[in-house]
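As a plain string of letters, each chain reads:
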Amino acid sequence: GVSGSGKSMAAKQEVSALALSTDHDIIIVDPEREYGELVRALGGEVITISAADPNGCHINALDLSEGYGDGKEPLVMKSEFIMSLYEQLMGADKIEPQEKSIIDRSVGNIYREYLKNYQGQPPTLKDLYDDLMKQVNPEAHRIALALELFVDGTLDVFAYQTNVDMSSRIISLDLYEMGESLRPTALVVALEAVQNRVMENRKRNKYTWVFLDEVYLYFKYPYSAEVLYKAWKRFRKYGGIMTAATQNVEECLRSDTARYMFANSEYVRLFTQAATDMDELAHLLHISDNQMGYVTNAEPGHGLMKVKGYIIPFDATIPTDGDIYKLINTTPRPGLIRFMLKRIW
């Protein structure tokens, strides 16, 4: 839905309801710093990732939890992740088969000891860089140099051991301070961190709710779109329920991956849409012109739900004088959320 349509309120309402009525874990990927105050009020952890603060929060891009891969060799999946990072840096058409073999060999080298019992610290991008530089062939050095910016350069925020508490029941990964150069990597590393948590929770028979705000950002970059698509299909099998929100539908509709995900999602909520997106969405989701009338200049909180094959108008407005509204209002007064949450509890 467009800005002001009620999209953020609906997402925050769902987060609040899950937090207060279940013991499920909730992880939010928050590129625009929308959810921090709510997450803190709910007793969760806000993890702010910033390349500008060398002593700040770090998430190790190569973290690998026990159970990662779920039957598929974990090194295969991690090798695919690193190859995709390299493709993003160099361009998919510039990677030779021998370079893929070198990456695969280096991944095996750096994880060999850690995978024996998953004790101690997992390797980092710095370890991968060092292993590549030890090799004698020039292709290995070429790969290492491509990674150097993310290892020893200004964008090394994901090259250190994780130094934040990722065990909190409710987590917001705040990526607001990621610049354009680091944002594609940040989006992907965030999903890798989420995947580790989903796998851990699966072993404990616990559900994980994943909320991706401004999901159109994933579709600006071919690699991050592909990673999201795999997660979209995979997480559901492991007890991970993914919800994506965006106001920039036009950006998503340019991506074939996004169009496929939209068309094959069994639950979609449409709020007011931009006029340029109406026809394409109607065709993609098989919604009639009469039904699309419910999202044409609709009041905030009103729209259409697509649930499997059914199209249903909805009214999700919240009384403005109630505690819930004050809790999840997108422009709250400082400190009000904490006060209202105490009243609800």
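Before any of the text, the structure's been laid out above.
I will try to describe carefully the structure that is included in this document. Quantities reported herein were computed from a predicted structural model and do not represent experimental measurements.

Rules of the game
- Residues numbered from 1 in each chain as written.
- Predicted model: local features only at pLDDT ≥ 70, side-chain atom pairs only at ≥ 80, totals over all residues.
- Heavy atoms only, no water.
- Buried < 20%, exposed > 50% of the residue type's maximum accessible area, 1.4 Å probe, protein only.
- Helix = DSSP H or I, 4+ residues; strand = E, 2+ residues; numbered from the N terminus.
- Pairing = 2+ DSSP bridges.
- Right-handed = clockwise from strand over helix to strand, strands pointing away.
- Phe/Tyr/Trp six-rings, centres within 6.5 Å; stacked < 30°, edge-to-face > 60°.
- Lys NZ or Arg CZ within 6 Å of the ring centre and 35° of its normal.
- Axes fitted to C-alpha atoms, helices over the stretch in contact; angles between N-to-C directions.
- Salt bridge = Lys/Arg side-chain N within 4 Å of Asp/Glu carboxyl O.

**Considerations on the pairing of strand S4 (residues 208-212)**
Right, so step 1: In terms of burial, S4 is a largely internal element, five of the five residues being buried.
Right, so step 2: Here S4 shows a buried face lined by Thr208, Val210 and Leu212 and a second buried face lined by Trp209 and Phe211.
Right, so step 3: In the sheet, strand S1 (residues 25-30) pairs with S4 via five bridges, with the strands oriented parallel. Paired with isoleucine 28 across the strands is phenylalanine 211, a residue of S4.
Right, so step 4: As judged from the five bridges shared by S4 and strand S5 (residues 240-244), these two strands associate in the parallel manner. Each bridged residue has a counterpart across the sheet, and for valine 210 the counterpart in S5 is methionine 242.
Right, so step 5: Chirality of the crossover, the property in question, places the unit of S4, helix H8 (residues 222-234) and S5 among those that are right-handed.

**Digging into the packing of aromatic side chains**
Right, so step 1: Applying the stated criterion to the full structure yields three aromatic pairs.
Right, so step 2: For the ring pair tyrosine 114 and tyrosine 118, a centre distance of 5.6 Å and an interplane angle of 75° mean the geometry is edge-to-face.
Right, so step 3: Look at phenylalanine 271 and phenylalanine 314: their rings are 5.3 Å apart centre to centre, the planes differ by 80°, and that puts the pair in the edge-to-face class. You can see phenylalanine 271 sitting in the loop between strand S6 (267-270) and helix H11 (275-285) and its partner phenylalanine 314 sitting in strand S8 (residues 310-315), a full 43 residues away along the chain. In this structure, phenylalanine 271 and phenylalanine 314 share a single accessibility class: buried.
Right, so step 4: Seen from the ring of tyrosine 160, lysine 126 lies directly overhead, with NZ or CZ sitting 4.9 Å from the centre.

**A closer look at unusual backbone geometry**
Right, so step 1: Residue histidine 286 is not a glycine yet carries a positive backbone phi of 60°.
Right, so step 2: Note on histidine 286: relative accessible area 67%, which makes it exposed.
Right, so step 3: One non-glycine residue, asparagine 297, lies in positive phi territory at about 50°.
Right, so step 4: Inspection of the secondary structure puts asparagine 297 in the loop between helix H12 (289-292) and strand S7 (302-307).

**Remarks on the sheet that holds S6**
Right, so step 1: Read from one edge to the other, the open sheet built from three strands follows the order S6-S7-S8, with strand pairing classed as antiparallel. The two strands at the open ends of the sheet, each matched to only one other strand, are S6 and S8. Along the sheet, successive strands turn relative to each other by an average axial angle of 20°, direction set aside.
Right, so step 2: When S6 meets S7, the two strands line up antiparallel, connected through four bridges. Residue pairing for S7: valine 268 is matched across the bridge by lysine 306.

**Re the pattern of salt bridges**
Right, so step 1: The final tally for this structure, using the stated rule, is 14 salt bridges.
Right, so step 2: Between arginine 204 and aspartate 25 there is a salt bridge; the shortest N-O distance is 3.8 Å. A residue pair is termed long-range when its members are at least 10 positions apart, and arginine 204 in the loop between helix H7 (183-203) and S4 and aspartate 25 in strand S1 qualify at 179 residues.
Right, so step 3: A single salt-bridge network, built from bridges that share partners, covers Asp25, Arg197, Arg204 and Lys206.

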